Structure formats: C-alpha cells, structure tokens
Amino acid sequence: MDALKNKIEELIVPMLTEMDLFLVEIAIGANYKIQIFADGIPSITIKQCTRLSRFIEGYLDEDTSVPEKYTLEVSSPGMTNPLRVPQQFTKRIGSTLKITMQDGEQVAVLLKEVSETTLFGLRTTLGVRKSKRPIKKIKEEDLESISIDLIDIKQALLHFNF
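Bear in mind the structure is a predicted one, so any value in this text is a computation, not a measurement.

**Some remarks on the overall build of the chain**
Regarding its fold elements, the chain presents three helices and eight strands. If you list the helices and strands of the chain from N to C, you get α-β-β-α-β-α-β-β-β-β-β. Counting all 162 residues of the chain, 37% fall into the buried class. Looking at the chain alone, contacts between residues at least 24 apart form 56% of all its contacts between residues at least 6 apart. A total accessible area of about 10,500 Å² is found for the chain, and carbon and sulfur atoms account for 50% of it.

This is the structure we're talking about:
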C-alpha cells in the first residue's frame, strides 16, 4: 500500500502545483478505498477535484497492482478534520485553533503568522456559550504572544464559536 501511496503522490504533486493546490493526505484503506485530500488558498473547487480524480483514475486503471474494484475519493480535507500541513495553517491565519501538544497540553491560539516550521499567534481561551448571550470578545492586546513549533503539535483543529 505504501508503494501505491508514494506512486500516487509522485504523480499528483506536479499537477497540484500547476493548479495552485497542495496535497494534504493520501489514505488507502481496506478494499482499496483510496482517499486523496487536497486543498488550495482560498480553496479547492469541485471542478479541480474532478480533474484530479480523472487524472488519477487513468493511472489506477492501467496499474496492474491495483485491483479492478477500487474506490477513489478526491476532496478537500473538510473544516472539521485536523490541520496537517503548513499550507493549511497559512490558510487559517486569523482563525482560532485548538491545539493539542505532543505532551498532551491543550492550547488555544489565535493564529497570526506561519513559517515552514513554526506557528505564531496569541494565546486565547475557547469561547463556550453557556447561554444565549453573545460570547464576550477578548481584546487582542490583552493576549500573550505564543510561538509553537509544528513538530510539537499532535493535533490542531479549527475552533468554531456558534
């Protein structure tokens, strides 16, 4: 499965780059369920997913190591899935993230900037609505600056205030 995953990645990364998109993840499950998650700034379109899917199908249909019965899904990673690659963090500048560190500590960060290896933001709290009253806004100048190395992040999720 890893060889197939690597081959698909090798095939699609140049096409993704040409389309101003980036690869988030390739997952291959039981019965050759192949899921490809790609995204872009500002986003990936259905038309781009279709083009990518047809391109990959052409390869999979010719590859003798892939059984005739496979399932291929090409989509965006979705807003509720963890952020995995630096480009996803860049896309979410200005958003609040709920980050779980490798040591288990949980941190809420208002994301301000991203480098290849580090997030920069403001430590905040996650607004939890206990009543129908609006969540009290916190002034940015009252928040502590924080930087987090991407390697220290176990999981990062977008936080939504409803």
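**Brief notes about the nonpolar core**
The biggest cluster of nonpolar side chains holds 22 residues, and the ones touching the most others in it are I12, I34, I36 and L60. Looking at this core, the elements with two or more residues in it are α1 (2–18), β1 (21–28), β2 (33–40), α2 (46–62) and β3 (71–75). Residue contributions to this core peak at five residues, all from α1. With sequence-adjacent residues up to four places away left out, I34 is seen in contact with L4, I8, A27, I28, L60, Y70, T71, L72 and E73. Formed by 16 residues, the second largest nonpolar core is a distinct cluster that contains L111, V114, L119 and I148.

**Description of the environment of D2**
Tracing the backbone shows D2 in helix α1. Residue classification places D2 among the exposed positions, given a relative accessible area of 54%.

**Description of the layout of surface pockets**
Its volume calculated, the second largest pocket comes out at about 160 Å³. At four residues, the largest contribution of residues to the lining of the second largest pocket is made by strand β8 (residues 153–158). Split into classes, the residues belonging to the lining of the second largest pocket amount to eight nonpolar, one polar and two charged.

**Looking at the sheet that holds β3**
Reading across the sheet, the three strands line up as β1-β2-β3 and stay open at both edges, with mixed pairing between neighbours. Strand pairing shows two members of the sheet lacking a second neighbour, β1 and β3, which therefore form its edges. Looking at each pair of strands side by side, their axes are set apart by 15 degrees on average, direction ignored. The sheet contact formed by β2 and β3 spans five bridges and is parallel. Paired with K33 across the two strands is T71, which belongs to β3. Packing against the sheet, α1 makes contact with β1 and β2, and its axis sits at approximately 160 degrees to β1. Packing of α2 onto the sheet brings it into contact with β1, β2 and β3, and relative to β3 it is tilted by some 150 degrees.

Parameters and conventions
- Residues numbered from 1 in each chain as written.
- Predicted model: local features only at pLDDT ≥ 70, side-chain atom pairs only at ≥ 80, totals over all residues.
- Heavy atoms only, no water.
- Helix = DSSP H or I, 4+ residues; strand = E, 2+ residues; numbered from the N terminus.
- Buried < 20%, exposed > 50% of the residue type's maximum accessible area, 1.4 Å probe, protein only.
- Contact = heavy atoms within 4.5 Å.
- Areas by Shrake-Rupley, 256 points an atom, 1.4 Å probe, with all protein chains shown as cover.
- Core = buried A, V, L, I, M, F, W, Y, C linked by side-chain atoms within 4.5 Å.
- 1 Å grid on protein atoms, 1.4 Å probe; cavity = no way out; pocket = protein on both sides within 12 Å on 5 of 7 lines; lining within 4 Å.
- Points joined across faces, edges and corners; volume = space filled by probe spheres on them.
- Nonpolar A, V, L, I, M, F, W, Y, C, P; charged D, E, K, R; others polar.
- Pairing = 2+ DSSP bridges.
- Axes fitted to C-alpha atoms, helices over the stretch in contact; angles between N-to-C directions.

So far we have only geometry, and geometry alone does not tell us how the molecule works.
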